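Chain residues, written in single-letter form:
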Amino acid sequence: MSDDEGDRDEYGANGSNADLESVLATVRERVDPDADERSRLRAVATTLAERATDAATELAPGADVLQVGSSARETWISGDRDIDVFVRFPPELDRETLEEYGLEVGHATVPDGHEEYAEHPYVKGEVEGFDVDVVPCFRLESATEIRSAVDRTPFHNRYLEERLDAELAADVRLAKQFLKGIGAYGSDLRTRGFSGYLTELLVVEYGGFVPLLEAAADWHPPVELDPEDHAADVAFDDPLIVIDPTDPERNVAAVCSAENVARLQHYAREFLAAPSVEYFEPREPAPLTEAALREHLADRGTTPVAIRFETPDLVDDQLYPQLEKSLKGIVGGLEDRGFDVLRARTFAAETAVVFAELTVAERPAIERHLGPPVHVRDHAEGFYDAYADDPDVYGPFVDGGRYVAEREREWTTARAFLESERLFDVGLGAHVETALEDGYDVLVGTETTALLPEFGRQLRAYFEPRP
C-alpha cells in the first residue's frame, strides 16, 4: 500500500467520528478572510479602480471599470491575493485601438506592471502585495455579442453577484478549498479541473457546498445542468455540461476532464461518509527514492520507457495540449508495433518527459501479416504476388481461408523504435517535434531512475496513485 493510500485510510478512520458541522466550521475559520484582510483588499481595489477610471475615460469617454472575479464576489479564500480589474471600452472601438488603450490604462493603473498575452495583451503586476490584472474588454449588451473570451467576464460577474448571498459565498469558499485539497481545482490545461466560475455556478445551482457533494456523489455522466433553462440546440460531448447562463452555446465545464469529474465524485462520497478537514488540505507527495522505484519495477515486472527532451518555451496552456498530443501519438506508435502500453503520462519542468510503462518491450524477429480471404480474388492475388518471391518471408500460405505472410519485424525493441526517425511519424505537437529534432534521450527500465532528481514527486504519484 502506498503512503498516500495509508494517509487516506487514516483520514477516514479519524473522520468517521467527526461531526460534519464541526469539520466545516474548522475549515471556514481557515478559508474565510477576516475583517482586516477584507478591508485591505477593498482599499487597494478602490485605488486601482480610481486609477483605471481616470486613465480610461481620458482616452475613451464612456469607458468604465469593473472589479470582477472572486475578490469582487467575496468568494476568495483567505490568503489569495488576486484583484482583477476589467476596463470596458465602447464597442465602436476597433480591436487594435482597444489593445492600445488597454495597455496604456494598465500601465497607468499598475506602474510597475508588465505585459502578458492571452487573446489580447493585458497588464499584470503587484500593488501593495496584491497580484493585479488589468484587462481591457468591450462593453456589450449581451454575452452572445462577445468578440473575445474576456468579454464574457463582466456578464459572469453580474449574474453571480445577483445570486450569491453571504452564506452561499461562504459555501463557495468551502467548495474551492475542497477541490484544491483533492487536486481538481483549476481550469488551466495542465490541471483540466473546475474553474472558479464553474465552482460558483455549481454551488448556486445545488444551493450549497454539502448539497453539491451529495449531488456529485450520485452523478451519472454525462451530467447536464442548464441554470437558465436555455435548452440550447447545441450538442456537447463532455462528462459534465453546465450551460453558461449568459451564453447558451457555451459549456462552462468543457475543459473539465472525465478524470477530475470522477475524482470529485469519489471524494464527495468519501467525505460524506467520514468528514475530515484533511480533504481540504492539498498534499504534495514526497519524492520517490531510487530504491522504491527499483522495488516497484521488480514487483510489477513491467518495462518503463521515457523520452526526455528540453521543454519548449511555451506557457502551460500551450505546452500541455502539445505534450498530450505527443503522448497520444507515441503511445499509439508503440502499440501499433506490438509494445503494449499499460499506462502513460507526461511530466514537464526544465525538461519534459513522455513516460510509458510497457507490458511488452521486446518482440520476436518476425510478425504475422494477415491478408485478405482467398475468395476475394483481386485483393487476394495482389497480396500473394507481393510476397510470393520474397526470400525473407515465410509464405504466403493459407491459414483459415486467408492468405498469411510471416515477415521480418521492423523493430524488435521499444528502444529501437523510439530512437528511430519513425518516431516523427506518430503525430507530435509542433513544438515538441522541434524539441525532439534538437535531440532527446531514451531511457529504458532502471535507466528511468535518472528522472528522479527532477520528477521524483511525479513518479511517486504515478507508481503510488490515488483517486
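To be clear, the structure that these remarks concern was listed above.
The rules behind these values
- Residue numbers restart at each chain and count upward from 1, following the sequence in its written direction.
- In keeping with the predicted nature of the model, local features appear solely for residues at pLDDT of at least 70, side-chain atom pairs appear and are counted solely at 80 or more, and the whole-chain, interface and lining totals rest on all residues.
- Side-chain numbers here rest on the full set of heavy atoms in the structure, without hydrogens or water.
- Think of it this way: any DSSP run of H or I at least four residues long counts as a helix, any run of E at least two long counts as a strand, and we number them from the N terminus.
- A simple rule labels every residue: compare its accessible area, found with a 1.4 Å probe on the protein chains alone, to the largest value its type can have, and call it buried under 20%, exposed over 50%, or partly exposed in between.
- A contact between two residues is defined here by any heavy atoms of the two lying within 4.5 Å.
- Each accessible area is a Shrake-Rupley result for a 1.4 Å probe, and residues are judged covered by the shown protein chains and nothing else.
- Charge counting treats Lys and Arg as positive and Asp and Glu as negative, with His and both chain ends excluded.
- Lys charges are placed at NZ, Arg charges at CZ, Asp charges at CG and Glu charges at CD.
- A 3.5 Å cut-off defines polar contacts: any pair of N or O atoms within that distance qualifies, except that in protein one atom must be a possible hydrogen donor and the other a possible acceptor, and neighbouring residues in sequence count only when both atoms are side-chain atoms.
- Here, the term nonpolar core denotes a set of buried Ala, Val, Leu, Ile, Met, Phe, Trp, Tyr and Cys residues that are joined through side-chain atoms within 4.5 Å.
- Salt bridge criterion: a side-chain nitrogen from Lys or Arg within 4 Å of a carboxyl oxygen from Asp or Glu.
- Only strands that DSSP links by at least two bridges are regarded as paired with each other.
- Orientation is described by lines fitted to C-alpha atoms, with helices fitted over the stretch in contact, and by angles between N-to-C directions that extend from 0 to 180 degrees.
- Working definition: a ring pair exists when centres of Phe, Tyr or Trp rings (six-membered ring for Trp) sit within 6.5 Å. Plane angles under 30 degrees give stacked, over 60 give edge-to-face, the rest tilted.
- In this analysis the charged atom, NZ for Lys or CZ for Arg, is taken to sit over a ring once it is within 6 Å of the ring centre and within 35 degrees of the ring normal.

(A) Looking closely at the overall build of the protein chain. Looking only at helices and strands, one finds 16 helices and 15 strands in the protein chain. Across its three principal axes, the protein chain shows a C-alpha extent of roughly 85 × 60 × 45 Å. Burial statistics for the protein chain: of 467 residues in total, 49% are counted as buried. Sequence-distant contacts in the protein chain: of pairs separated by 6 or more residues, those separated by 24 or more amount to 67%. Of the roughly 22500 Å² that the protein chain leaves accessible, carbon and sulfur atoms contribute 45%. Here the protein chain contributes 45 positively and 98 negatively charged side chains, and the mean placements of these two sets differ by 3 Å.

(B) Spatial organisation of the side chain of T302. Relative to the elements of secondary structure, T302 occurs in the loop between α11 (290–300) and β9 (303–310). There is a polar contact of 2.6 Å between the side chain of T302 and the side chain of E357. Setting aside residues no more than four positions away along its own chain, T302 makes contact with L297, L342, E357 and L358.

(C) Here's a closer look at the nonpolar core. With 45 residues, the main nonpolar core has F178 and F209 as its most contacted residues. Broken down by secondary-structure element, the contributors of at least two residues to this core are α2 (20–31), α6 (153–161), α7 (166–181), α8 (196–206), α9 (209–216), β6 (223–225), β7 (240–244) and α10 (258–273). Once you skip the residues sitting within four places of it in the chain, F178 turns out to touch F209, L213, L264, Y267, A268, F271, Y279 and F280. Counting 32 residues, the second largest nonpolar core, distinct from the first, contains L314, L334, F339 and V426.

(D) Up close: the environment of G181. Tracing the chain through its elements places G181 in helix α7. Relative accessible area serves as the criterion here: at 1%, G181 is assigned to the buried category. Separated by 102 residues in the primary sequence, G181 and R283 place their C-alpha atoms 7.1 Å from one another. Among all residues touching G181, those that are not within four sequence positions of it are Y279, F280, E281, P282 and R466.

(E) Examining unusual backbone geometry more closely. A cis amide bond links P221 with the next residue in sequence, P222, at an omega value of 0 degrees. Relative to the helices and strands, P222 is located in the loop between α9 and β6. Of note, the amide linkage connecting G395 to P396 takes the cis form, showing an omega dihedral of 5 degrees. Here P396 lies in strand β13 (residues 394–399). Phi is positive for E74, which is not a glycine, with a value near 60 degrees. Judged by relative accessible area, which is 34%, E74 ranks as partly exposed. The backbone of E128 shows a phi angle near 50 degrees, a positive value even though the residue is not glycine. Among the structural elements, E128 can be located in the loop between β4 (121–127) and β5 (130–138). Its relative accessible area of 62% is what places E128 among the exposed residues.

(F) Quick look at the pattern of salt bridges. The tally for this structure, following the rule as stated, stands at 29 salt bridges. Of the charged contacts in the structure, one is a salt bridge between R173 and D32, with a shortest N-O distance of 2.7 Å. One end of the pair, R173, is in helix α7; the other, D32, is in the loop between α2 and α3 (35–59), with 141 residues separating them in the sequence. A residue is classified by how much of its surface remains accessible, and D32, at 23% relative accessible area, is partly exposed. Residue E419 pairs with R415 through a salt bridge whose shortest N-O separation is 3.7 Å. Each of the salt bridges in this network shares a partner with another, and the network as a whole consists of R73, K176 and E200.

(G) Quick look at the sheet that holds strand β3 (residues 114–117). One open sheet holds the 5 strands; their spatial order is β1-β2-β5-β4-β3, and the pairing between them is mixed. Edge positions in the sheet fall to β1 (64–68) and β3, since each of these pairs with one other strand and no more. For this sheet, the mean angle separating the axes of adjacent strands, direction not counted, is 30 degrees. Bridge analysis of strand β2 (residues 82–89) against β5 gives 8 bridges, and the strand direction is parallel.

(H) Geometry of the sheet that holds strand β14 (residues 402–408). Sheet architecture is open: 3 strands sit in the order β12-β14-β13, paired in antiparallel fashion. Each edge of the open sheet is held by one strand with a lone partner, namely β12 (366–373) and β13. Each strand axis lies, on average, 25 degrees off the axis of its neighbour in the sheet, ignoring direction. With 6 bridges joining them, β12 and β14 adopt antiparallel strand pairing. Bridge assignment links L370 to a residue of β14, and that residue is V404. This element, helix α13 (residues 377–387), spans β12, β13 and β14 of the sheet and lies at about 150 degrees to β12.

(I) Structural detail: the packing of aromatic side chains. For the coordinates displayed, the defined rule picks out 17 aromatic pairs. When the ring of F271 is compared with that of F280, the centres are 5.5 Å apart and the planes differ by 85 degrees; the resulting orientation is edge-to-face. What links up through ring pairs into an aromatic cluster is the set F178, F209, Y267, F271, Y279 and F280. When the ring centre of Y462 is taken as reference, the NZ or CZ atom of R343 above it lies at 4.0 Å.

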